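# Analysis of the macromolecular model
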Amino acid sequence: MINFILKKIKFTKPRIISILVVILSLITAFTAVYKWFEGGTILYYWDTLLPFSEEYARAFFSTWYSVIFPGIGGAGLSWVEYIFSISLLERLFSSLSVAQSMLYMLFISLSIITFYILSNYLLETIVKPDRERNIYKIISFLFAVFYSLNLFTFYYSYFLFNPQAFILSILPINILSLFKLFPLNEVPIKDSFFPKDKKSLLVTNRKKILWVLVFFLSGLFMTSGFTTYIFLAQYFILILFYLILHLFFARKKLFSRYTLTVILFFLIVILMHWWWFFPSLLAFKDLYQSQSSLGTTVYFDVGSIKSNLLNSLRLFGSPMMNNNPFSWDNFYTENRWFTLPLFLFPFLIIYALLKVKKNRNIGIFFYFLIILLGSLFIVKLGNPPLAWITKFSFEHIPFFGAFRDAWHKAGLFYIFAYFPLSFIGFAFLTKVLIEKKQYFLLKISLFILVVTGIVVTGPFFLFSYDNIKKINFTYQDKQYTFSAKTKVPPEYYELKSYLFGKCDGTAILEIPKNSMISSAIWQKYGTSYVGQDILTHFIPCNFISTQILNNGPDSFIFSPYMMLEKGDFAGFKNFLLQNQIGFVLIRKDNIPYYYTNYIYLSNASPALTMGFLNKDNDFKKTFENDFFTLYSVESLDGNYSYGFSLPTSIVYTNSSLNSGHDYVSLSKQLANKREYLVINKNEDFKKYSSFVNLYAPVANCVGCVKISSSAIKPPDESFLRKLKDLVKQLIRKNSTDSLSQDKKISYSIIDSTKEFSKMMEALEQKDLQGSKNYISSYIKKLENIDVLFKNYKASFFDLNNKKTEIKNFLRAQNEKLSDYLNFGVVIKNDQIRGQLYLLLSIQNSKLAEIEKTIWETDFKNKIYRMRLDIPKEGKYSCTVDNYNNGLKIENFSLGSIKYDKNSTISAFLSKGSYPVSINYSTNSIINISSLKQKSGEVKEINLGNVPNGLYKVSFSAGSISKQKIAIAITNNKLNPKILESFGSSDIPQNDFIIIDTGSFFSDKNYEKYFSVSSLDKKNYYLYLFSLNPQSEQEDHLEYKDIFIERAAEGGDIQFFCKLESPNLSSTPAIKVIKKSSVKYRVLIPKGQNIGKFLVFNQSYGTDWEAFEYKYGEKRIFPHFNSGYANAWFIDSHEGREINVVFNQQSLIIKNFFITIILFAIALFLFLKYKDR
Amino acid sequence: MEKYLLKKIWHKSKEGFYVYSSQKFFLYWPFFIFYYFILRQVFGLNYFVIYGFSIVLIFLRLSFETIALIFFSISLIVYFFGLTTEANHYFSFVYGFLALSVLKYFYFLIKERYFKDVF
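Notes on the structure in this doc start here. (Residues numbered from 1 in each chain as written. Chains lettered and ligands numbered in written order. Predicted model: local features only at pLDDT ≥ 70, side-chain atom pairs only at ≥ 80, totals over all residues. Heavy atoms only, no water.)

### Thoughts on the overall build of chain A
- Scanning chain A from terminus to terminus reveals 35 helices and 41 strands.
- Dimensions of chain A along its principal axes, counting C-alpha atoms only, are 100 × 90 × 70 Å.
- Looking at chain A residue by residue over its 1172 residues, the buried ones come to 57%.
- By element, 57% of the accessible surface of chain A is carried by carbon and sulfur atoms, the whole surface being about 51,800 Å².
- In chain A, the 129 positive side-chain charges and the 92 negative ones have mean positions that sit 10 Å from each other. (Helix = DSSP H or I, 4+ residues; strand = E, 2+ residues; numbered from the N terminus. Buried < 20%, exposed > 50% of the residue type's maximum accessible area, 1.4 Å probe, protein only. Areas by Shrake-Rupley, 256 points an atom, 1.4 Å probe, with all protein chains shown as cover. Lys, Arg positive; Asp, Glu negative; His and termini not counted. Charge placed at Lys NZ, Arg CZ, Asp CG, Glu CD.)

The structure is reproduced here in structure tokens:
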């Protein structure tokens, strides 16, 4: 048989070379990656997405993921190709390791082959050697290897798998097909280098239909890579730009049928990706909002550190510098000789440019050069030249911030242009040397190329002995390592097979809580992982643990952990019952690590929780192995209904429900109630107030919100802003009189802040006249506020609110001015200096006046003040709750009645607002009445183990001295001798919690806040030492009343009440049929007419819809929030069959079919009219 | 007149350097690297010198590609001496002249496309 095939195949030279290239590329790919998969392991690290189960893979077809409770919307259709291929390979070979390694080999070998084909084309069209020589084949192959295996692809595609490998591997052939379909040269290309065989794919550009197929199939192949949407945007720009170039070269009329065909082609390119991009677009806004919540400009300076042109032009991006602990990191960052050969590539690009200019077919060359320069401009980020353009783009161009990880986001296309251009350069060099018969020089050039190749492919080959991502960390004096090379242990499979079918309809709470990512150390097997929670990818249940970057649901799932942290086990149990959470899973393989565990949840540990659970009969240990213990919540009796309920408790609360504290308070107000609906929006309350049977008001802290002086920034002077202001002013002019006094004051405060900002700006610009003008206009604004406030007649709380508002702004302005006068530049103009000091005193006197009468939280005197709004008259039960383990409630008052220490009271309250004052005390770490220090002496005070939290260190000066001293708090004992030479680089900076220097022995008392956050228990130390120990001054310092005590923050103390009316009768039985994560059917049997709402505990989304068919008509129910969840008003529960769907899904399916039809039509039209 | 001038510019931009270099030995491009280091030694390292040097090179009708090569060589030499920050400055000029080269290409391409008779 083999002989028969071999006889049939004609082994022509081109064919042998092609086969050789394929074999060599496979061998190269295998050599590059085999070590990662040796022993049946996989690569799994940080953001890697790897489907560990078929169920998880299937979830990608839906636009709602429920595996991470309480669910998140998203559109992962672009992932389908990746997920499907890896799942298929896993099924075929019954090994995830084999599946992943095969995918890796496919990408690497494909990228070598496709680049090799492209480089042959470039050789043929641009370099045009006199005749075919094997040396060119070798060079092509070498550059193909460099393109596939280099510093960029190692970091961004392979060692942490990123689906952009889909693009890298096929982009060369995709763009080549574009060149073939729309050539830039007018003369047809001769095929001297390509096989003449007509059966070959690469025959001539007469076979355009084949190139059309190649273009669209390769385009589809890249889909998964385009999940990073910025790649798609760049790809579209790339294609569009090329087509414009083509039209330009084609020398045809602009308004012609040909132009229309080209436009049609571009439309087909868009349609090719529309089937998956449309769903992504639906989720895009939320995704962008959550991802850019930190702001995109914050990455600017950090990302720019090493991305300068010198590094970028020799293919050396910032991530290699910042993030790699590998052995080769030292070579690439510190050893300048090792990376010297990398200069070869930019040299070759310049050389190519010098050589190519006489060539008529240089369109493609310049096309690549523009891609290179454009991408390089982004890649270099905030580095000169013209960095202001990039900064401006980040700040003002919508979505440009997507380039925040510039080397990654623009690097893909940068690499794509970089290697073809340097290949052209080397091919030209070879051609010249051959023409001049300089064979020795040719050999030297080849040698340099090989040396450069060793450096550029170093991470894959040269440093393969240690090229696996590892993180070393210490916990409780023991060393641990997370490694990207890992294997899922059998214990996970055991848990999976146990839970299969048992967790349907309920959720599982994991202890400890993960962050965005999770981690485990499997010492038994010598493996570990740090990355997305394996359990959620592995077991088809709904897990509560990982953040979903949606504030409401995240706050909700944080609350049970907060209760555990406080040791409130009863509250924790109630929370599980209230929310149909059927299992608690204790993970014993977790070693606390900063990025994967919450520092402030150190008490909510597996050991402590197991202690609670073992003692309670409501929990039953149902499964245990070395890594897990699973408890079922017995009192739920396995009655799970996928989070659907017909609530019997209709709760109203004024809480904003946007923090874990808020949900803890709500859970405590609900106590043992299981089925509930919570209304916290005014418009919903207006509609459904008659159904409310539990009022749960929460008191809000007064004076906890402060405005930082840094928030006062120069006003926006852009044209758009001015235009908006003008329109606003015009509108306001007509309606100023109709404004309430309250709003008039607010507007005046804003105006005064604007004037103040302008004044500060003028001062900084040394504009004397402007400064004078703004000082006087600012004073006028302040006077205006005074006048308006004097005429403001309102209730106690409204007046107090206004005082708080004025005080907050005035305090921020005062701090800013004070800082300017103390630390700013020297003001030479006496008049302005005098005016500024006068202004400061005006601000101070106004602040003192407000502070005399304002009613707000006083952290100094330890009085927490709150406002309680009672929505309905009745006998309330009120509770004061403390979430700070370092605080103790002493007493509190509600209205005018004082209560001593009782945390829960009962009081009859009328509708209206009540003041609540809570006196508290704080735990002190040290309290030293007096401490004397000789000049040059270092004082060390052992603070012992300090629990996590916010602290205040304070002292008063027993003597007056100008000596400069330093106060330091460290988490390690330091050698005092090191401190004597403070400022030297030997001091271990990581040990410092705070370090403050200055002349503190003046007239003011010293006070500073600091925060302790550690997963480990450590001993802390306070150091007091002189900064000029050699001073001739023989100063003896005396510290009085040195205090370190726990400090309170807004939100630490909660005060909430509840007023209960009789509940509806017991929970009706409902049956829920889950068709998919986006489609449910809720069946309510007859005789259950006891309520009017339906609640679904997945995250609220406007696309969730509940409807029924009545008399053949679809009836949609009103949808609103129940806290973070969904609720519908359904009139009654009498014998209903309600469908609940996530609407986006059907829209996406429709879009899929419409896109396919349009694509087929457009492609048909294109093929028909292409050559006419 | 205009037609003649454009032709002259086109010709100079492509061939100017070769004409000069063949006529005057001291204007051979590698010598400019040496000249720059003399300037750097005399005037010190500042942008005035680098910009001035670039302008002189442009006036001498060296092609943008050659100027890019000169700055690349200067960059490589200072890198040898461990002055990586300075090498980075010169790379800005390499990058700039590559960009100018692209602009020049498109300028002549447009001229050729719409004023074919000029060339």
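Here the narrative resumes, following the displayed structure.
### Brief notes about the state of the cysteines
Residues and elements named next belong to chain A.
- As enumerated under the stated definition, the model contains three disulfides over all chains in all.
- At a sulfur-sulfur separation of 1.8 Å, the disulfide partner of Cys701 is Cys704. Judged by the sign of its S-S torsion, about 65 degrees, the cystine formed by Cys701 and Cys704 is right-handed.
- Since its relative accessible area comes to 22%, Cys704 is described here as partly exposed. (Disulfide = S-S within 2.5 Å.)

### Looking at helix α2 (residues 29-43) of chain B
Residue and element names in this part refer to chain B.
- Between its first and last C-alpha, α2 extends 21 Å over 15 residues, near the 21 Å set by a 1.5 Å rise per residue.
- Looking only at α2, the buried set comprises Phe32, Ile33 and Tyr36. Axial view of α2: buried residues confined to an arc of 105 degrees, hence all on one face. In α2, those exposed residues whose orientation departs by more than 90 degrees from the buried face are Phe34, Gln41 and Val42. (Expected span 1.5 Å × (residues − 1). Arc of directions from axis to C-beta.)

### Here we look at the sheet that holds strand β12 (residues 619-624) of chain A
Residue and element names in this part refer to chain A.
- Pairing in this open sheet of five strands is mixed, and the strands run β10-β7-β11-β13-β12 from one edge to the other. Both edges of this open sheet fall to β10 (542-544) and β12, since each of them pairs with a single strand only. The mean inter-strand angle of the sheet, taken between neighbouring strand axes irrespective of direction, is 30 degrees.
- Bridge count for strand β7 (residues 507-511) against strand β11 (residues 581-587) is five bridges, and the pairing is parallel. The partner of Ala507 across the bridge, within β11, is Ile581.
- The strands touched by helix α24 (residues 551-566) are β7 and β10; relative to β7, the strand with the most contacts, the crossing angle is about 45 degrees.
- Across the sheet, helix α25 (residues 569-578) touches β7, β11, β12 and β13 (628-633), and the angle it forms with β11 is around 130 degrees. (Pairing = 2+ DSSP bridges. Axes fitted to C-alpha atoms, helices over the stretch in contact; angles between N-to-C directions. Contact = heavy atoms within 4.5 Å.)

### Some remarks on a nonpolar patch on the surface
Residues and elements named next belong to chain A.
- Taken together, Phe11, Ile16, Ile19, Leu20, Ile23, Leu24 and Ile27 make up a surface patch of nonpolar side chains, about 610 Å² in accessible area.
- You can see Phe11 is positioned in the loop between α1 (2-8) and α2 (13-37).
- Among the residues examined, Phe11 registers a relative accessible area of 43% and is labelled partly exposed. (Patch = residues over 30% accessible without salt bridge, like charges linked within 9 Å, V, L, I, M, F, W, Y side chains within 5 Å. Salt bridge = Lys/Arg side-chain N within 4 Å of Asp/Glu carboxyl O.)

### So, the packing of helix α30 (residues 741-764) of chain A against helix α33 (residues 830-853) of chain A
Residue and element names in this part refer to chain A.
- Two elements in contact, α30 and α33, have axes whose closest approach is 13 Å; the angle formed by their N-to-C orientations is 150 degrees. Relative to α33, α30 is oriented roughly antiparallel. Crossing of α30 against α33: the hand is left-handed. Each of Phe756, Met759 and Leu763 in α30 lies in contact with α33, whose residues at this interface are Ile832, Leu836, Leu839 and Gln843. (Parallel < 35°, antiparallel > 145°, perpendicular 65-115°, else oblique. Left-handed = near helix turned anticlockwise from the far one by under 90°.)

### Looking at the interface of chain A and chain B
- Taken residue by residue, the interface counts 34 residues in chain A and 34 residues in chain B.
- Together, the buried faces of chain A and chain B total about 3,300 Å²; carbon and sulfur atoms form 75% of this surface.
- One can count zero salt bridges joining chain A with chain B.
- Here the element with the most residues in the side of chain A that touches chain B is helix α17 (residues 363-379) of chain A; it accounts for seven residues. (Buried area = accessible area lost by both parts, 1.4 Å probe.)

### Looking at the packing of aromatic side chains
All names here are of chain B.
- This model, assessed by the stated rule, comprises 149 aromatic pairs over all chains.
- With centroids separated by 5.3 Å and ring planes inclined at 65 degrees, the aromatic side chains of Tyr51 and Phe93 adopt a geometry described as edge-to-face. Separated by 42 residues along the polypeptide, Tyr51 in helix α3 (residues 47-59) and Phe93 in helix α5 (residues 84-114) bring together distant segments of the chain.
- Accessibility expressed as a relative area gives 47% for Tyr51, which makes it partly exposed.
- The exposure class of Phe93 is buried, given its relative accessible area of 8%. (Phe/Tyr/Trp six-rings, centres within 6.5 Å; stacked < 30°, edge-to-face > 60°.)

### A look at the pattern of salt bridges
Residues and elements named next belong to chain A.
- All chains considered together, the criterion is met by 38 salt bridges over all chains.
- The partner of Glu395 in a salt bridge is Lys391, with the nearest N and O atoms 3.6 Å apart. Of the two residues, Glu395 and Lys391 both sit in helix α18 (residues 387-396), four residues apart, roughly one turn of that helix.
- Glu395 gets classed as partly exposed once you look at its relative accessible area, which sits at 44%.
- The class of Lys391 is partly exposed, set by a relative accessible area of 35%.
- The salt bridge involving Glu937 is made with Lys939; its shortest N-O contact spans 3.3 Å.
- When salt bridges with common partners are traced through the structure, they connect Lys566, Asp568, Lys668 and Asp881 into a single cluster.

### Overview of helix α31 (residues 768-790) of chain A
Residues and elements named next belong to chain A.
- In a regular helix each residue adds 1.5 Å, so 23 residues correspond to 33 Å; α31 covers 33 Å between its end C-alpha atoms and thus fits that length.
- Where the residues of α31 are buried, they touch α30, α32 (796-823) and α33.
- Two or three places before Gly770, at the start of α31, stands the capping residue Asp767, its side-chain oxygen 3.0 Å from that residue's backbone nitrogen. (Polar contact = N/O pair within 3.5 Å; in protein donor to acceptor, adjacent residues only side chain to side chain.)

### Overview of the packing of helix α6 (residues 134-148) of chain A against helix α20 (residues 411-435) of chain A
Residue and element names in this part refer to chain A.
- At their nearest, the axes of α6 and α20 sit 10 Å apart, and the two run at 155 degrees to each other. The angle between α6 and α20 places the two elements in the roughly antiparallel class. In the crossing of α6 with α20, the sense of the turn from one axis to the other is right-handed. When α6 is examined against α20, the residues Ile135, Tyr136, Ile139, Ser140, Phe143, Phe146 and Tyr147 are found in contact with a partner set consisting of Ile415, Phe416, Phe419, Ser422, Phe423, Phe426, Ala427, Thr430, Lys431 and Ile434.

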